[in-house]
Amino acid sequence: MNFSFVAADASKAKADVLVFPVFDTDLTEKKNPPKALLAVDKRTKGLLFKTAQAEGFKGKADQTFVFLTHGKVPAARVILVGLGARAKFTAELLRLAAGRAVKAATRVKAKNVTIQLPVVRELEHAVKAVVEGFELGAYRYDRWKTQNKDEKNAPKVDKVHVHLPDGVKKEKTHDELLAHAKLIAQATNWARDLVNEPAGTMTPTILADAAKTMAKEVGLNIAIGDRKKIEELKMGMFLGVSRGSIEEPRLVQLSWIPRDTEAAKRQPVCFVGKAITFDSGGLSLKPSDGMLDMKTDMAGSAAVLGAMKVIARMQPPFPVHAFFGACENMPSHNAYRLGDVLVSRLGKTVEITNTDAEGRLVLGDILAYANELKPAVLIDLATLTGACIIALGNYIAGAFGADDQLFYDVSESARLAGEDLWRLPVSEHQRDVLKSEIADMKNAGDRAGGAISASLFLKEFVGETPWLHLDIAGPSQSPKERGYLNKGATGYGVRTLVEFVSRRTAQLHNAS
Ligand code: BES
Ligand code: MN
Ligand code: ZN
C-alpha cells in the first residue's frame, strides 16, 4: 500500500473512496467536523447526512456507512466510519475505524482511497493509527484458496492519500511516522501469516527457517540449534516435550547488537516466545474441539519475530535478543509420559502430571537460558493457558510479574500501541498446588487459578531478573472480524514490544 500526505480540500479528491472518520457530534451539531465533510454534504444537497441518519449511522465507535455519490463529488463513494464521543477518543478507536474503512473499500473494489484525518489533539498518534489500521485491515490469509479466484484476484487498495486536518502543514516527521507505522503493520501481518499457517507447513524447522530468512533480510544475528545442541545445553524439559514428535526441535536466538561498542555493552533486553507449532496435548490428549486451533500455539514466537523485524530497522542503542524453543507436542511411542521426571537446564526436577502443560516446560528452559545473558528486563509472550481466556476473554492479555516498573513500562507501551492487557497476580498462596512428592515440583496444578500457577512455574526459572510474562492465549486470535482484525491470527504483541523498545530508547536519550 502506497501512502502519501496531502494538504488540500478532500472534498475535491478524485478517488474510488473518500473516507471520513467522524465523531458522534459531527453529523448533528456540524460545529467541529472537517470542512471537507460539510462541503461533500453540501454538494450532495444534504443527502449524505440525511441518508446516513436514515440508515441509523450516528458516528458510534463501531459504525460504518457507505454512500454512493452519483457524481456529485469527484469521489465515487464516501465512507463514514464512527469514532464515538470526542471526549473518549483514543488512537486505537481511529485504528479500528481505519480498519473498517479499508475492509468496506475493498468490498466495493476500490483501489484508490482518500482519507481525511480528524481534528485531534495528538496528530502523530492519528497518523500512525490510520496507516496501521489500513495495512492491518487489508490483511487476508488466502494462501490455500484455489477456488473462488475472483475473490482472490479482486482489486486491493493500493493508493492512499492522507489529507491533513485543515490548517496543518506537512512535516518531515509525518513521513518518518508513516514509514515506521508501515513497518510495524507489515511485520504484524507477517506474524499473522506465521500463525495462520497450518501446523503441517509450519513445523519447528520451517519456523526456524522463516526466522533465518527474516534475520538475513534485516541484518540480525541468528543462531539455530538442533536436537544435539539442545541436549548439550541440558534443556531436559524442552527435550521432554519434543520427544513425542517426528519433527526435529529448534532452538532459535536472534540478536540485535548495536555497532557502537559502548551501546553494545549495555545490559540487553530479552524477549522469549512460546513456539509449540502444534499442541495436541501429548498423551494427555486434547479433545478434538480444543485441538482445532492449536496450530496457533506458536503465536508468542511469531510476535517476538515480528517485533525483531522492526527493531532491526530501529537500531536501538542497546542489545535486544529474542529466543524461542520450537517443537511439536505429540503423543507417540516415544512421547514423554505422565509421571516422568524431567531435569531442567537449571537442574530443577519436574514431575509430569499433565503433558498438555507443555508450554511452561519449554519456556522454563528457554527463560533460564535467556537469563544467562543477565538481561535488564526479560519479557515472555505465550499462548499459555485456557484459564487466562476464561479470566480475561478474547481481547485482553494477562500480565504477570512482580516488578512494578517493568509492568508499568509494558502496560504504557501496550496502551500507546492499542493492545489491551491486564495485570494478574503471581500469587504465592497457590504455590502448594505445584508441590510434588517425588520431584522439586509438578508441571500442572488444578483448574482453579490455572493462569496463576503457570506463571508461578515460570517464575522458578527467571531468578531475580525483572521479568514480565504475557499470557496471550486470548488475544492472539480473534473469534470474528473486528476493526482491523480478521477472524484468526491477530499478531498481538508486535506493536507492544516495538513501542517498548521505542520508549526505552527515548528514555536513554533523555537520561544522557
Ligand atoms: N496451548 C494451551 C493453552 C491454550 C488453550 C491456548 C486454548 C489457546 C487456546 C496450553 O498448552 C495448554 O494446553 N494449557 C492447559 C494447561 C493445563 C493442562 C494445566 C490448559 O490451559 O488447559
Ligand atoms: Mn498444552
Ligand atoms: Zn500449548
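A brief report on the enclosed structure follows. (Residues numbered from 1 in each chain as written. Chains lettered and ligands numbered in written order. Predicted model: local features only at pLDDT ≥ 70, side-chain atom pairs only at ≥ 80, totals over all residues. Heavy atoms only, no water.)

1. Points about the coordination of the zinc ion (ligand 3)
As a reminder of what qualifies: Each metal site is built from N, O and S donor atoms within 2.8 Å (3.2 Å for Na, K and Ca), and since water is not included, such sites may look incomplete. Strands here mean DSSP runs of E at least two residues long; helices mean DSSP runs of H or I at least four residues long; both are numbered from the N terminus. Relative accessibility under 20% of the residue-type maximum defines a buried residue, over 50% an exposed one, and the middle range a partly exposed one, all with a 1.4 Å probe and only protein chains included.
The protein atoms that coordinate the zinc ion (ligand 3) are Lys-274 (NZ), Asp-279 (OD), Asp-297 (OD) and Glu-358 (OE), at distances spanning 2.0 to 2.4 Å. A separation of 3.2 Å is found between the zinc ion (ligand 3) and the manganese ion (ligand 2), which share Asp-279 as a coordinating residue. A residue pair is termed long-range when its members are at least 10 positions apart, and Lys-274 in strand E9 (residues 269–279) and Asp-297 in the loop between helix H11 (288–291) and helix H12 (299–314) qualify at 23 residues. Residue classification places Lys-274 among the buried positions, given a relative accessible area of 3%. Given the relative accessible area of 3%, Asp-297 is considered buried.

2. Topic: the site of ligand 1
Our working definition: We call a residue near a molecule or strand whenever a single non-hydrogen atom of that residue lies within 4 Å of it. Under the rule applied, a polar contact is a pair of N or O atoms within 3.5 Å (in protein, one hydrogen donor and one hydrogen acceptor; residues adjacent in sequence only if both atoms are side-chain atoms). Cavity and pocket criteria rest on a 1 Å grid covering protein atoms alone: a 1.4 Å probe that fits but cannot get out defines a cavity, protein on both sides within 12 Å along at least 5 of 7 lines defines an open pocket, and an atom within 4 Å of a point defines a lining residue. Think of it this way: a molecule belongs to a cavity or pocket when more than half its atoms come within 2 Å of the grid points there.
Near ligand 1 you find 16 residues, and of these Asp-279, Lys-286, Asp-356, Glu-358 and Gly-386 are the closest. At a separation of 3.5 Å, a nitrogen atom of ligand 1 approaches a polar backbone atom of Leu-384. Residue Gly-386 places a main-chain N or O atom 2.7 Å away from an oxygen atom belonging to ligand 1. In a pocket analysis with a 2 Å cut-off to the grid points, ligand 1 is assigned to the largest pocket.

3. Observations concerning the nonpolar core
Note the cut-off: Working definition of a nonpolar core: buried Ala, Val, Leu, Ile, Met, Phe, Trp, Tyr and Cys residues. They are joined through side-chain atoms within 4.5 Å. Any two residues whose heavy atoms approach within 4.5 Å are treated as being in contact.
Membership of the largest hydrophobic core comes to 57 residues, with the highest contact counts inside it found for Leu-254 and Phe-271. For this core, the element with the highest residue contribution is H12, accounting for ten residues. Once residues within four sequence positions are removed from consideration, Leu-254 is found in contact with Ala-211, Met-214, Ala-215, Leu-220, Asn-221, Ile-222, Leu-305, Met-308, Val-320, His-321, Ala-322 and Phe-324. Formed by 45 residues, the second largest nonpolar core is a distinct cluster that contains Ala-368, Leu-384, Phe-400 and Leu-434.

4. A few points about the sheet that holds strand E5 (residues 112–116)
Operational definition: By this definition, two strands are paired if DSSP reports at least two bridges between them. Axis definition: a line fit to C-alpha positions, over the contact stretch in the case of helices; interaxial angles, taken between N-to-C directions, run 0 to 180 degrees.
Ordered in space as E1-E6-E5-E2-E4-E3, the six strands form an open sheet in which the pairing is mixed. At either margin of the open sheet sits one strand with a lone partner, and together these are strand E1 (2–6) and strand E3 (64–68). Strand-to-strand, the axes of this sheet are offset by a mean angle of 20 degrees, without reference to chain direction. Where E1 lies against strand E6 (residues 159–163), five bridges are found, and the strand directions are parallel. When the bridges of E6 are listed, Phe-5 appears paired with Val-162. The strands that helix H2 (residues 47–54) touches are E3 and strand E4 (77–84); relative to E3, the one it contacts most, it runs at about 135 degrees. Lying over the sheet, helix H4 (residues 123–137) contacts E1, E5 and E6, oriented at roughly 150 degrees with respect to E1.

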